[in-house]
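One letter stands for each residue in the lines below.
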Amino acid sequence: MPMTKNYIAGEWVAASEATPNLNPSNTNDVIGEFARASAAEAERAIAAAYDAFPAWAHSSIQTRHDILKAVGDEILARKEELGRLLSREEGKTLPEGIGEVTRAGQIFHFFAGECLRLAGEKLPSVRPALDVEITREPVGVVGLITPWNFPIAIPAWKIAPALAYGNTVVFKPAELVPGSAHALCEIIIRAGVPAGVFNLVMGQGSVVGEAMLQSPKVAAISFTGSVPTGRRVAQTCITADPMKKVQLEMGGKNPMVVLDDADLKVAVECAVNSAFFSTGQRCTASSRLIVTQGIHDRFVAAMQERMRGLVVDDALKSGTHIGPVVDQSQLDQDLKYIRIGQEEGAKLAAGGELLKRDAPGFYLSPALFTEVDNRMRVAREEIFGPVATVIQAKDYDEALEIANDTPFGLSSGICTTSLKYASHFKRNAEAGMVMVNLPTAGVDYHVPFGGRKGSSYGPREQGRYAQEFYTTVKTAYTFDGNGPYVPKTTSSE
């Protein structure tokens, strides 16, 4: 099987090592062998991006628009094919895979439009005969480090704004999902991006990511991944010389509150979607279902009934609701937390069993714990799998208190028919994104994505808010020549 190469300085570059890409629905299916870059190859990609930056930063906004639009056009034209590849290598169901690819195409189209909507401000100065202009400029070489759970959407929402605002890119995808990243790279090349502007460097984070962090030529790092790694990325960027801009999207332990007055069917569908779809492998998944006592027993019974109807099988098979866990390591982590929950005294009310299917894969039935205290590890630590906990609350006030009692703050949801409680929750939930009678996972491609506390650091991703990270602000003064101007010494700067 030939090795799939990295893309550096406008050329396809082979590596001395390769990583096999396995299908988690069928581990006998090897999707390909993908190059594993060395530190030297990563440094070459960084140098190429650095050299290409001046020309790209001053390129025509029409040129950038046309390239990004062409990328979006091809992604959408090939969404079924690319969605199948994505589901084959990551394990989410085919409808979910196609949906993610569609979102990636829409993201590129959105930022193609942003190229033409770049705006600044012109203000009068408080001093006579002076004009003030406030503009945005690209920051330079941007290192993009993406996770395995959204192998094309998350790269899209980092790559598209980086290029739209005139930055050059060194892109390191997760080793588990190189196929989608490579396919996206090919599309970007065909769209006409100049050599060096975009570079794909697949490989280990400890090698490729470390090279990005240590290089003085990299101006900014956007990282999505685990909390421990994110903290190290932030520390390295802040202490670097010169300092780097840093943007982090990390974990979540997202609550969904279900009040007594909730529509039970709506609440159950929101909970099942949030907790178990995409195999629970979403940072926005609801792993804490906080249910008030008046509806608690009916909610648990309805959840158990709904979960019995969920089909766990090959991601590409028609009728599958939930695909496999992504790999053995993640499956082991899920099983470890199921054991921890039982040892802590929680009741395993449904699921949590290894499953066998037609082909060998990482199949796990969704697990639901009841009789959970919010101080338990299964209620505080991110599991990143199809494991949910039900925590009983006395009333709305206690439910809100429990919802906010977490080191994370990415997404939060409530199911209620009360405008009073919905409005109060939106204002008081300590999260970056709040959903009412909706799953906690899933926001539109044109709105900001991100959280607070231990979930996120730095400017938001997606939408127009992306410019806060991918640009820097310049303030410029001009003397218009009308009348004498004598600079005065003042105490202000």
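**Student:** Looking at this model, I keep getting lost on the sheet that holds strand 16 (residues 367-370). Mind explaining?
**Tutor:** Working definition: the strands of a sheet are paired by backbone hydrogen bonds and lie parallel or antiparallel to each other. Sheet architecture is open: 7 strands sit in the order 15-16-17-14-13-19-20, paired in mixed fashion. Each edge of the open sheet is held by one strand with a lone partner, namely strand 15 (347-350) and strand 20 (433-436). Along the sheet, successive strands turn relative to each other by an average axial angle of 25°, direction set aside. Where helix 11 (residues 328-344) meets the sheet, its contacts fall on strand 15, strand 16 and strand 17 (387-393), and the angle it forms with strand 16 comes to roughly 20°.

**Student:** Whenever I open this one, the nonpolar core confuses me. Can you help?
**Tutor:** Across soluble globular proteins, nonpolar side chains show a tendency to be buried alongside one another. With 62 residues, the main nonpolar core has Ile75, Phe108, Phe111, Ile159 and Phe198 as its most contacted residues. In terms of nonpolar packing, the next biggest core, distinct from the first, is built from 30 residues, Phe362, Phe369, Ala379 and Ala399 among them.

**Student:** What exactly am I supposed to notice about the pattern of salt bridges here?
**Tutor:** Side chains carrying opposite charge are able to pair once their charged atoms draw close together. Using the criterion set out here, one finds 23 salt bridges in the structure. Residue Glu100 pairs with Lys92 through a salt bridge whose shortest N-O separation is 2.6 Å. The buried category is assigned to Glu100, whose relative accessible area is 4%. With a closest N to O distance of 2.8 Å, Lys474 and Glu137 form a salt bridge. You can see Lys474 sitting in strand 23 (residues 471-479) and its partner Glu137 sitting in strand 7 (residues 130-138), a full 337 residues away along the chain. Residue class for Lys474 comes out partly exposed when judged on its relative accessible area of 39%. The class of Glu137 is partly exposed, set by a relative accessible area of 29%.

**Student:** When you look at the environment of Leu82 in this model, what are you seeing that I'm missing?
**Tutor:** Along the chain, the position of Leu82 falls in helix 3 (residues 79-90). Looking at Leu82, the relative accessible area reads 5%, which means it is buried. Apart from the residues within four sequence positions on either side, Leu82 is in contact with Ile75, Val101, Ala183 and Ile187.

**Student:** Even after reading the chapter, I still don't get helix 7 (residues 205-214), so can you show me in this structure?
**Tutor:** Spacing of three or four residues puts side chains on the same side of an α-helix, whose turn is 3.6 residues. Those residues of helix 7 not exposed but buried are Val208, Gly209, Ala211, Met212 and Leu213. In this fold, the buried residues of helix 7 make contact with helix 1 (39-57), strand 8 (141-145), strand 9 (168-172), strand 11 (218-224) and helix 8 (227-239).

**Student:** Explanation requested: the packing of aromatic side chains in the structure shown.
**Tutor:** Centre distance and the angle of the planes are the two values used to describe a pair of aromatic rings. Across all of its chains, the model carries 8 aromatic pairs by this definition. Ring geometry for Phe171 versus Phe198: centroids 6.2 Å apart, planes at 40°, classification tilted. Here Phe171 is found in strand 9, whereas its partner Phe198 is found in strand 10 (residues 198-200), with 27 residues between them in sequence. The pair formed by Phe171 and Phe198 is uniform in burial state, with each residue classed as buried. Connected via pairs of aromatic rings, a cluster forms that spans Phe110, Phe111 and Tyr165. Positioned above the aromatic ring of Phe150 is the side chain of Lys92, whose terminal nitrogen or guanidinium carbon lies 3.6 Å from the ring centre. Looking at Arg117, its charged tip hangs above the ring of Phe110, at a distance of 5.6 Å from the centre.

The rules behind each value
Residues numbered from 1 in each chain as written. Predicted model: local features only at pLDDT ≥ 70, side-chain atom pairs only at ≥ 80, totals over all residues. Heavy atoms only, no water. Pairing = 2+ DSSP bridges. Helix = DSSP H or I, 4+ residues; strand = E, 2+ residues; numbered from the N terminus. Axes fitted to C-alpha atoms, helices over the stretch in contact; angles between N-to-C directions. Contact = heavy atoms within 4.5 Å. Core = buried A, V, L, I, M, F, W, Y, C linked by side-chain atoms within 4.5 Å. Buried < 20%, exposed > 50% of the residue type's maximum accessible area, 1.4 Å probe, protein only. Salt bridge = Lys/Arg side-chain N within 4 Å of Asp/Glu carboxyl O. Phe/Tyr/Trp six-rings, centres within 6.5 Å; stacked < 30°, edge-to-face > 60°. Lys NZ or Arg CZ within 6 Å of the ring centre and 35° of its normal.

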